[in-house]
Every structure is written in structure tokens, then in C-alpha cells.
Number of protein chains: 2
Amino acid sequence: MLTERQLLILQVIIDDFIRFAQPVGSRSLSKKDEITFSSATIRNEMADLEELGFIEKTHTSSGRVPSEKGYRYYVDHLLSPQTLKKDDLQLVKSIFAERIYELEKLVQKSAKILSELTNYTAIALGPKVKDNKLRKIQIVPLNNETAIAIIVTDTGYVQNKMIQLPPSFDINELEKMANILNDRLVGVPLTDLKDKIYKEVVTLLGQHIRNYDVISALLAESLNNVSKNEKLFYGGKTNMLSQPEFHDVDKVRSLLSVIEHEPDMYKMMRQNPAGITVKIGRENNNSALENCSFITATYSIGKDQVGTIAVLGPTRMEYSRVISLLDMFSHDLTALLTRLYQNN
Amino acid sequence: MLTERQLLILQVIIDDFIRFAQPVGSRSLSKKDEITFSSATIRNEMADLEELGFIEKTHTSSGRVPSEKGYRYYVDHLLSPQTLKKDDLQLVKSIFAERIYELEKLVQKSAKILSELTNYTAIALGPKVKDNKLRKIQIVPLNNETAIAIIVTDTGYVQNKMIQLPPSFDINELEKMANILNDRLVGVPLTDLKDKIYKEVVTLLGQHIRNYDVISALLAESLNNVSKNEKLFYGGKTNMLSQPEFHDVDKVRSLLSVIEHEPDMYKMMRQNPAGITVKIGRENNNSALENCSFITATYSIGKDQVGTIAVLGPTRMEYSRVISLLDMFSHDLTALLTRLYQNN
DNA sequence: ATTAGCACTCAATAACTAAGAGTGCTAACA
DNA sequence: TGTTAGCACTCTTAGTTATTGAGTGCTAAT
């Protein structure tokens, strides 16, 4: 167990390092207001803290730098919930005051603002629409070979897909088909659409439409994609370039390639427990993120967790500020989305 | 006027520098197969070429490096139209063989492949849909306050926009309204839509629908955006990181910030004459692009120039290869788009 | 238990050196 | 007269050596 004084020193070291990105020495520490004892004492304490694994030296005679364990302890126990500046607060509130009613735009904008407020990279996932219900399906013929299928969900999500019509398909039958589909499918959750088409609607279509098999297969396939449409949005992808730990182009490259590799990002963004999660350095299980921390927050519609918003920064990150901001975004997003979309 | 021998030397210098990114000296030049004269002779010729401004030294006793004027001459007069490797050719052809019928996806994919083939950054603009005609307009109510307007063009382009309904608006009237709009507006070019709504349709709506003024204003505004929907697509945004001229993070940052500043990119991508245009270094009028060349190619539907596809690389770029590739993309895109969309 | 003092370590910087690639010029050559 | 061999000179690069300064650990005094 750490003594009060060790905690104080650990905290001050981390705060200082987060701020200046330079190893912290005993002498400079002793000059801080909150430190009332001498540099020699600090050296002794630091030696202990190092032995316990909370701080490290970059070389034998250097100042100390927080270790991952140190950051972890800091995040878990030492974080003072920082209150945000008025300006920042207002900026965030202003997004949610704007009349953006399209879920995706809202989320996208959140990522952008979040990256601007933090100077790190922000990533947003979602919102998941799997529980959304079909509101309308429409098939618009473009010419003899092509039609475009459009579906609208009850949350206002629109997706469209081009369909190549089977040869010699009668365009006039498209309308009939759309009517049948709407009759039968409006109100059905998107995830069940494909099933429902095959189980119930296909036979019905067969009674009215020639070539119904080909086209309903096409349609079912197109619709199928809709349910997995969680999207990733980025803000400040290149913000990391201004962090001193990324003055090396090779590091930048490997970092950017992780960020841009969507499958990995999906994995990292999904399956987070409700609330805020902090992953520090190697906790991310990704060598390119060794010097990064990744903080995620979930947001919901009602009680349904529908997405995640996250910040990726150097391990030397302003945890307190980022966590406060994420918390705010998470709550505001949840509140707004819930208000708008819960009871349709 | 340059002598044959000077041209040869200039060409070999540039080819070598493009390949190895190192100043080229007289001795190493003299070892090349195509060079039959001594290094001393080369030195004399190089002195002349330098005086004429085609090559430069990086310091008093260094080898020579092409100047902008040198590149310009090279591009204008020395470029041997390189034939592409079979693999590359096949890769390109394969995109256009795939059954992608959505314009934007096609263009997007082109940018991606182009960046992969060149290892530079590829940018695509378009396709412009201003001449597209309205195929269908649909208004789907979501609840009492919100509806979603969807328009489809004859090229299969779909755009949607949320509309906040005026309070106490009767949802049933939306359908009436959509019918009127479809009656009157199908076949109208998108650019004329707004005008047409105000001039012809508003009065008609007034006869049938309460609150017609608010909602038609809303609608006209939404539709208005559609006409300027040329989009930018990127491929290989971070490819420049692997170019030796961008080993410095500051340069990377300023370059990326130019690339990501869409208004500037729009300007650079628009208003290019038909065919291929090469801008070298400062010809780009942008200090962050001083060490870059920017090659654009236009593509069309029929005779209508509808977009641009471009490559941004270091001035030390494989001009020949890039130009060949762009030429190919430009032609294939034009051919495919023309086939698909000209006569609808 | 704390701290002043001191010897020691190591990174960073600057100053110097040697090697090597390249140039320009001159004089000899075909 | 155009070409080339030869040579002195220049400048970068890489390696070596001091020098400085921030920092540490340890010891002994308070």
C-alpha cells in the first residue's frame, strides 16, 4: 500500500509528465507548491515507487516517467474529476442544440467536435439500427435492366441498393411487388427481414409475379446488409501528428494504418461494457498502440446500447479531461437520441 | 535549344532521380548503358544544363537534381509513353468488369485502386449529377413532427433529407403532396428543381394543402443541395508517408492538412480542361505542395465532362506510369459511365 | 525520518577528423 | 575542336572526443 506522500508524488509526476512530456526529476518536483519536502526525500520515495513499478527511468540517470501500471493506478485512484471550462461546455451543448435529426450526422459531428476539443483522435461507432423497424420499401425502376431499392426505417435511416433486374422482367410488376412487400413487411425489425421474405413473402410474390424468385433473392440479399450498418466515424485522424511521441514518421504510419484498418477498429469499438472504459498501452493488445491509450464510452437509446464514442491519444493523455468530455458526450447523445427515437 | 546529348543526359538524370531519390553524379551517370561518353564530358554538359535551369545542385559539390523546369521539360518532351505491366492492366480492367453500377462507388473504387497502383495519393471528384433528371420523389412520414424526403435521379443517385414538419401538419397530406410533386417534377433536371417548385408547383400545392408554404420552402431548400453533390473520394491518403521526401513530420502534417481541406481540393480538382493536366511543384500555387506534383484527368459521360480523377505525389514522381494509369482510368470510366448512363 | 552534500552516470551538444562522392578547371589528346 | 584524363578543391556524412548539465544513489549529519 502506498503512503499519502507516495501518492502525492506519483500524482504530481504524472500530471507534470502529461503536461510537458519530459521525464520528471526530483529537483524540479521539489519546487512545486504542493511539495513541502526536499529533493533528497523525493529521490528516496521515487526509488520506492520505481521498485513498485509505478514509474520508470528512461536511462540510469534520467528523471522518472510513469509506467503503464502508474497510469493505471492514476486512472483508477488518483483522477480528480476535472470540471470542464465553460467554453468547452458550451461548444458541446451547441451541437446538441443544433437541429440535427439524422442519427449518423449527430454521431459524426460528435466525433469531430470531440477531436477538436481534445486534440487527439476521436472515433465513433454506430448507431446500431438492428432494432429498427421497416417503415417503407420502395422500388424505383431506372430502365429495363436496373431498378433501385430504397428502404426507410422508423428512425429515418435510409439505405438504397441498385438491383439488376432479370432479363425480360416486366417493370410494371415492380410496383405490385413493392406493394406486397410493404403490406407484409412494414413494422418488421430489419434483422428479421431476410427471414421473413423467404418464409412468408416469397410464396405470396410467386402468386403475382413472374421471376419472383430471382428478384426476391436479390432483394433479400440487399436488405441483409442493412442490419449490420454500424458505421465508423473519425475526427482528427491526423491530430496525433502534433504529439511529440509521434515525431517519428514510422510510428505515425503504423498508428494510422491501425486506425484505418476498419475491422480492427470495429472490434475495439464494439463489445464495450456500458459506461467508460480506459485501455492503457499494451492493454490494447496491439503493438502499434503501445504508446496509446484508448478511452471508450457507450451511448444508448433508452436502455439499448447502440454505439460507442472513443478517444485515442498517447498514453500521456489528459485522462481527466478526456473522460469528462466523453462522459458528457455519452450522456448528451443518449439523452437526445432517446428523446428523438425511443417511442416511435 | 538543347542538343541530343543534353536531352539524353537530362532524361537519364531525371529517370535516375525518380528511381533513387538521390542527387545524380557524373561518374554514376557515365556507367549507365545508354551513356557512351566520359564523366568529364557529362560534367561539362551538366554545367550547361544547370545554367539553362533544368537541373540544380543541392550544394556546391553535390550531384544534380532536376529543377521544376527540368521536370516540366521532361513531362512535355521526354516522356516515353510507358506501357503498363500486364498485372496492373488486369487489375484495372477487373474493377470495370465488376458489376458496380453505382456511379459513386465506381469512382471511389477507382481512387482506391489508383492509389494502390501508384503508392501515391489518389483523389477523385464527381460524378457531377447536375444534368440528372428527377426520377421519383417520395416523402415518408416518420411521426407527427418528422418526415423524410427521398429523391431518386435517372442515374440511380439517391438522396434523402429529414424534414421537420410544421406543427399541426396533417400527415395524410404528405402523400397528396408527393403525388403532385411527382406529377409535375419527374424528368426535370435537378438544377431547375428549386425554381420550378417556386414558380409552378407552389400555387398548385396551395390549392390542395394547408401549410403548403412552409413545407415547400423546406423541400426546395433540401433539393437545392442535391445539385452540388460532387463528392471527393480519396485513396492512399497516407501513402506519402512512405516517400523519403516526407520523412519530416511537419511536412507530412502540412501536406495532410491541404489534402483534407476540401474547399481547396475542390478548387484544384474542378475546372480542369479535358484530358490530362500536370502541375509541378509551385505550379500548384500552394506552399505545402511545393514538393508535390498533381496530375489530373477528366472523365465524362458522353461528351459531358462529369468529374476528375487525380494523383498527388512528390515532384519526383513516376510521371510516365501515373499518366498512363490516369489515362486508362479516365478512358475506362468514361466508357463505362457512358454506356450505362448516357441514354436513359 | 529528513536532508545536505557529493561522486557518479548518461544524454545531448558541439567541435573536430577522415573518408568519399562530386565538382570545375586545365592540359593533353584524337 | 570536341573529348577526356587528371587533379585540386568542396561539401556532406559518419565517427570520435570533449564538455556540459540534469539527474541519480548513497552517506553522513541534523
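Provided above is the structure to which this section pertains.
Residues numbered from 1 in each chain as written. Chains lettered and ligands numbered in written order. Predicted model: local features only at pLDDT ≥ 70, side-chain atom pairs only at ≥ 80, totals over all residues. Heavy atoms only, no water.

Observations regarding the sheet that holds strand β8 (residues 276-280) of chain B
Sheet strands line up and pair through hydrogen bonds in the backbone, either parallel or antiparallel.
All names here are of chain B.
Step number 1: The strand order across the open sheet built from 5 strands is β7-β3-β10-β9-β8, with neighbouring strands paired in antiparallel fashion. Looking at strand neighbours, the two that pair on one side only are β7 (232-235) and β8, the edges of this open sheet. Direction aside, the axes of adjacent strands within the sheet are offset by 20° on average.
Step number 2: Here 5 bridges tie β8 to strand β9 (residues 292-301), and the two strands are oriented antiparallel to one another. Its bridge partner being in β9, Ile 276 is matched across the sheet by Ala 297.
Step number 3: Sitting on the sheet, helix α6 (residues 103-118) touches β3 (121-125), β7, β9 and β10 (304-314), and the angle it makes with β7 is about 30°.
Step number 4: This element, helix α12 (residues 319-341), spans β8, β9 and β10 of the sheet and lies at about 20° to β9. (Pairing = 2+ DSSP bridges. Helix = DSSP H or I, 4+ residues; strand = E, 2+ residues; numbered from the N terminus. Axes fitted to C-alpha atoms, helices over the stretch in contact; angles between N-to-C directions. Contact = heavy atoms within 4.5 Å.)

Looking at the sheet that holds strand β4 (residues 134-141) of chain A
Residue and element names in this part refer to chain A.
Step number 1: Spatial strand order, β4-β5-β6: 3 strands in an open sheet with antiparallel pairing. Edge positions in the sheet fall to β4 and β6 (158-164), since each has one partner strand and no second. For this sheet, the mean inter-axis angle between neighbouring strands, taken without regard to orientation, is 20°.
Step number 2: Sheet topology places strand β5 (residues 146-153) next to β6; 7 bridges connect them, and they run antiparallel.

Side note on the interface of chain B and chain A
Step number 1: Contacts between the two partners involve 33 residues from chain B and, on the opposite side, 33 residues from chain A.
Step number 2: Each partner contributes to the roughly 2900 Å² buried at the junction of chain B and chain A, and carbon and sulfur atoms together form 63% of this total.
Step number 3: When the buried surface of chain B facing chain A is broken down by residue, Leu 142, Met 162 and Val 249 of chain B rank first, second and third, together holding 19% of it.
Step number 4: At the junction of chain B and chain A, the tally comes to 0 salt bridges.
Step number 5: Summed over the shared surface of chain B and chain A, the result is 7 residue pairs in polar contact (both at pLDDT 80 or more).
Step number 6: Of all the elements in the fold, those that place two or more residues in the side of chain B that touches chain A are β4 (134-141), β5 (146-153), β6 (158-164) and α10 (249-260) of chain B. (Buried area = accessible area lost by both parts, 1.4 Å probe. Salt bridge = Lys/Arg side-chain N within 4 Å of Asp/Glu carboxyl O. Polar contact = N/O pair within 3.5 Å; in protein donor to acceptor, adjacent residues only side chain to side chain.)

Some words on unusual backbone geometry
Step number 1: The amide bond that connects Gly 126 of chain A to the next residue, Pro 127 of chain A, takes the cis arrangement and shows omega of -5°.
Step number 2: The phi dihedral of Asn 119 of chain B is positive, around 65°, even though this residue is not glycine.
Step number 3: As for its position among the elements, Asn 119 of chain B is in the loop between α6 and β3.
Step number 4: Of note in the backbone geometry, Asn 285 of chain B takes a positive phi value of approximately 50° without being a glycine.
Step number 5: Turning to its location among the elements, Asn 285 of chain B is positioned in the loop between β8 and β9.
Step number 6: Judged by its relative accessible area of 71%, Asn 285 of chain B is exposed. (Buried < 20%, exposed > 50% of the residue type's maximum accessible area, 1.4 Å probe, protein only.)

Regarding the packing of aromatic side chains
Any pair of aromatic rings gets described here by the distance separating the centres and the angle formed by the planes.
Residues and elements named next belong to chain A.
Step number 1: Taken as a whole and assessed by the stated rule, the structure comprises 8 aromatic pairs over all chains.
Step number 2: Note on Phe 54 and Tyr 73: the rings are 5.3 Å apart at their centroids and 75° apart in plane angle, and the pair reads as edge-to-face. Of the two residues, Phe 54 sits in the loop between α3 (39-51) and β1 (55-57) while Tyr 73 sits in helix α4 (residues 68-78), which places them 19 residues apart along the sequence. In this structure, Phe 54 and Tyr 73 share a single accessibility class: buried.
Step number 3: On the numbers, 6.3 Å between centres and 65° between planes, the contact of Tyr 74 with Tyr 319 is edge-to-face. Here Tyr 74 is found in helix α4, whereas its partner Tyr 319 is found in helix α12 (residues 319-341), with 245 residues between them in sequence.
Step number 4: Looking at Tyr 74, the relative accessible area reads 5%, which means it is buried.
Step number 5: A relative accessible area of 0% means that Tyr 319 is categorised as buried. (Phe/Tyr/Trp six-rings, centres within 6.5 Å; stacked < 30°, edge-to-face > 60°.)

Section: the pattern of salt bridges
Step number 1: Overall, the coordinates contain 28 salt bridges over all chains when judged by the stated rule.
Step number 2: Asp 250 of chain A is the partner of Arg 253 of chain A in a salt bridge, and the nearest nitrogen-oxygen pair spans 2.9 Å. Of this pair, Arg 253 of chain A and Asp 250 of chain A both sit in helix α10 (residues 249-260), separated by 3 residues, roughly a single helical turn.
Step number 3: Judged by its relative accessible area of 29%, Arg 253 of chain A falls in the partly exposed class.
Step number 4: Its salt-bridge partner being Glu 245 of chain B, residue Arg 316 of chain B comes within 2.9 Å of it at the nearest N-O pair. Placement of the pair is Arg 316 of chain B in the loop between β10 and α12 and Glu 245 of chain B in the loop between β7 and α10, with a sequence separation of 71 residues.
Step number 5: Note on Arg 316 of chain B: relative accessible area 6%, which makes it buried.

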